[in-house]
Amino acid sequence: MHQRPLKVLLVVSDPEFSQELRGRLGSVRESGIVLETTGELASALARLAHGGFDAVLLDLELPDSQGMVTFERTRAFAPDVPVVVLSDEADEELAVAVVQGGAQDFLLKSELQAGLLTRALRYAIERHRLLSALRSLSLIDDLTGLYNRRGFRDLGEQYLKLARRAARGVTLVYLDLDRFKTINDTLGHHVGDRALRKVADILRTSFRRSDILARLGGDEFAVLALESSEESADLLIERLREGFREFNAGSPEPYQLNVSVGMAQVSDDMRVTLDDLLEAADHRLAIVFAGL
């Protein structure tokens, strides 16, 4: 089946690489890619404002922007366009960070051949389309990838019903990111967004895949975990503590994550609702991870 050419914006400051890539791709008929190039982020954002691009190939090191902020600004400016990040080095930590942040792929410049690049771009576009369709169901928080308040309520009520039928306990953990307004006001909203994503990452590593993780809005998060006894709840809190401690001790970010945490548990009370658990956990915001 014939596929239309992909219109791709290449954002890279090295004109030699840009020319070399064009040579590897050959003609549009051969590669299926129509490539436009620019060497600065400001110019890239201006072109994206006019629309019409299927994807962006983005080098993070540009004359007017460097590092993760390059990707974050691009994604924030054009969230409907899939971004594939290019790199000179096989940096696994950076690759994980950009993909967790919403990039569709991380490719080495030295490995970009016509066939590989065309497949990677088409896969990236399809993945982005599927994720956008999922978000359109209004259950996913676009910034963190966690469930939003609606998703938490819809799935949480089902979770409680499952727990009742199976006679298993449930723990709800409520988290509030302290001093979040200060981060936004002093460092900028893009840094504040990054802090929220870091909290989401710590939650993912602290809880099981089967638990329901959500950003309820603003700086509020919640987790619904099945079958947690008092002892396992203590271990859960310790995992959370360790996650925030490791971040605050080793992160290059210009802020510390200070989090207040409250917990509520239920075992055999059939009348308890998700709202009851949220209210109880909110009133127990007594465990604080502050610059540990």
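So, a few notes on the structure that sits alongside this text. Per chain, residues are indexed from 1 in the order of the written sequence. A pLDDT threshold of at least 70 governs which residues receive local features in this predicted model, and a stricter bar of 80 or more applies before side-chain atom pairs are shown or counted, although totals over entire chains, interfaces and linings include all residues. Hydrogens and water are ignored here; the side-chain numbers use all heavy atoms of the structure.

Things to note about the packing of aromatic side chains
Step number 1: Only rings of Phe, Tyr and Trp enter the pairing, Trp through its six-membered ring, and a pair is recorded when the two centres are within 6.5 Å. The plane angle decides the type: under 30 degrees is stacked, over 60 is edge-to-face, the rest tilted. Per the stated rule, a full pass over the model turns up 1 aromatic pair.
Step number 2: Its guanidinium or amino end placed over the ring of Phe17, Lys109 lies 5.2 Å from that ring's centre, counting from NZ or CZ. Placement of a charge over a ring requires the Lys NZ or Arg CZ to be within 6 Å of the ring centre, with the centre-to-atom vector within 35 degrees of the ring normal.

A short note on helix H11 (residues 274-282)
One full turn of an α-helix is made of 3.6 residues, so residues set three or four places apart face in the same direction.
Step number 1: Residue burial is assigned from relative accessible area. The probe radius is 1.4 Å, only protein chains are included, and a residue is buried under 20% of its type maximum, exposed over 50%, and partly exposed in between. By the criteria applied, helices consist of DSSP H or I runs no shorter than four residues and strands consist of E runs no shorter than two, each listed in order from the N terminus. Regarding H11, the residues found buried are Leu274, Leu277, Leu278 and Ala281. Taken down its axis, H11 places every buried residue within 100 degrees of arc, on the same side. Directions pointing from the helix axis toward each C-beta atom define the arc.

Some thoughts on the nonpolar core
Step number 1: Throughout, nonpolar core names a set of buried Ala, Val, Leu, Ile, Met, Phe, Trp, Tyr and Cys residues whose side chains join them through atoms within 4.5 Å. Membership of the largest hydrophobic core comes to 29 residues, with the highest contact counts inside it found for Val173, Leu175, Leu203, Phe207, Leu240, Phe244 and Leu257.
Step number 2: For this core, the secondary structure elements donating two or more residues are strand E6 (170-178), helix H8 (180-187), helix H9 (189-206), strand E8 (220-226), helix H10 (230-250) and strand E9 (258-266).
Step number 3: For this core, the element with the highest residue contribution is H9, accounting for 7 residues.
Step number 4: Leave out the neighbours within four places in its chain, and Phe207 touches Val173, Leu213, Val223, Leu236 and Leu240. Only heavy atoms enter the contact rule, under which two residues are in contact if any of them lie within 4.5 Å.

What about the packing of helix H3 (residues 41-49) against helix H4 (residues 68-77)?
Pairs of packed helices are described in terms of their axes, by the angle between the two and the distance that separates them.
Step number 1: Only the stretch in contact is used when fitting a helix axis, every axis being a line fitted to C-alpha atoms; angles between N-to-C directions are given from 0 to 180 degrees. Axis separation between H3 and H4 bottoms out at 10 Å; the angle between their running directions is 15 degrees. One way to sum up the angle between H3 and H4 is to call them roughly parallel. You can see that H3 and H4 cross each other, and the crossing is right-handed. Only Thr70, Arg73, Thr74 and Phe77 of H4 make contact with H3, whose side of the interface consists of Leu41, Leu45, Leu48 and Ala49. Each angle is binned into one of four classes, with values under 35 degrees roughly parallel, values over 145 roughly antiparallel, values of 65 to 115 roughly perpendicular, and all other values oblique. The crossing is said to be left-handed when, going from far helix to near helix, the turn is anticlockwise and less than a right angle, and right-handed when the turn is clockwise.

What about the environment of Leu187?
Step number 1: With respect to the element layout, Leu187 can be found in helix H8.
Step number 2: For Leu187, a relative accessible area of 30% puts it in the partly exposed group.
Step number 3: In this structure, Leu187 is in contact with Thr182, Pro254 and Tyr255, ignoring residues within four places of it in sequence.

Structural notes on the pairing of strand E7 (residues 212-217)
Step number 1: Within E7, 5 of the 6 residues are buried, which leaves it mostly tucked inside the rest of the structure.
Step number 2: We treat two strands as partners when DSSP finds at least two bridges between them. Pairing analysis gives 5 bridges linking E7 to E8, with the strands arranged antiparallel. Residue pairing in the sheet places Gly217 in a bridge with Glu220 of E8.
Step number 3: Following E7, the chain reverses through 2 residues before pairing antiparallel with E8; Gly218 in that reversal takes a positive phi of roughly 55 degrees.

What about the environment of Ser110?
Step number 1: Position of Ser110 among the secondary structure elements: in the loop between strand E5 (105-108) and helix H6 (114-135).
Step number 2: In sequence terms Ser110 and Asp88 are 22 residues apart; their C-alpha atoms lie 7.2 Å from each other.

Brief notes about H3
Step number 1: For H3, the complete set of buried residues consists of Leu41, Ala44, Leu45 and Leu48. Angularly, the buried residues of H3 cover 95 degrees about the axis, an arc narrow enough to put them on a single face.
Step number 2: Elements in contact with the buried residues of H3: strand E1 (6-11), strand E2 (33-38), strand E3 (55-59) and H4.
Step number 3: Residue Gly51 follows H3 closely and has a positive phi angle near 75 degrees.

Considering the pairing of E5
Step number 1: Note that strand E4 (residues 83-87) and E5 share 4 bridges and pair parallel. Each residue of the ladder has a partner; that of Leu86, found in E5, is Leu107.
Step number 2: By the criterion used throughout, a crossover qualifies as right-handed when its path from the first strand across the helix to the second strand runs clockwise, the strands pointing away from the viewer. The parallel pair E4 and E5, bridged by helix H5 (residues 92-100), forms a crossover whose chirality is right-handed.

A word on a nonpolar patch on the surface
Step number 1: Residues forming no salt bridge and having over 30% relative accessible area are the ones grouped into patches, like charges within 9 Å of each other and nonpolar side chains (Val, Leu, Ile, Met, Phe, Trp, Tyr) within 5 Å. The protein chains shown are the only cover counted for residues, whose accessible areas, like all others here, come from Shrake-Rupley with a 1.4 Å probe. Counted as salt bridges are all cases of a side-chain nitrogen of Lys or Arg within 4 Å of a carboxyl oxygen of Asp or Glu. Taken together, the side chains of Leu131, Leu134 and Leu137 define a hydrophobic patch exposed on the protein surface, amounting to about 250 Å² of accessible area.
Step number 2: Residue position: Leu131 is located in helix H6.
Step number 3: Residue Leu131 is classed as partly exposed on the basis of its relative accessible area, which comes to 35%.

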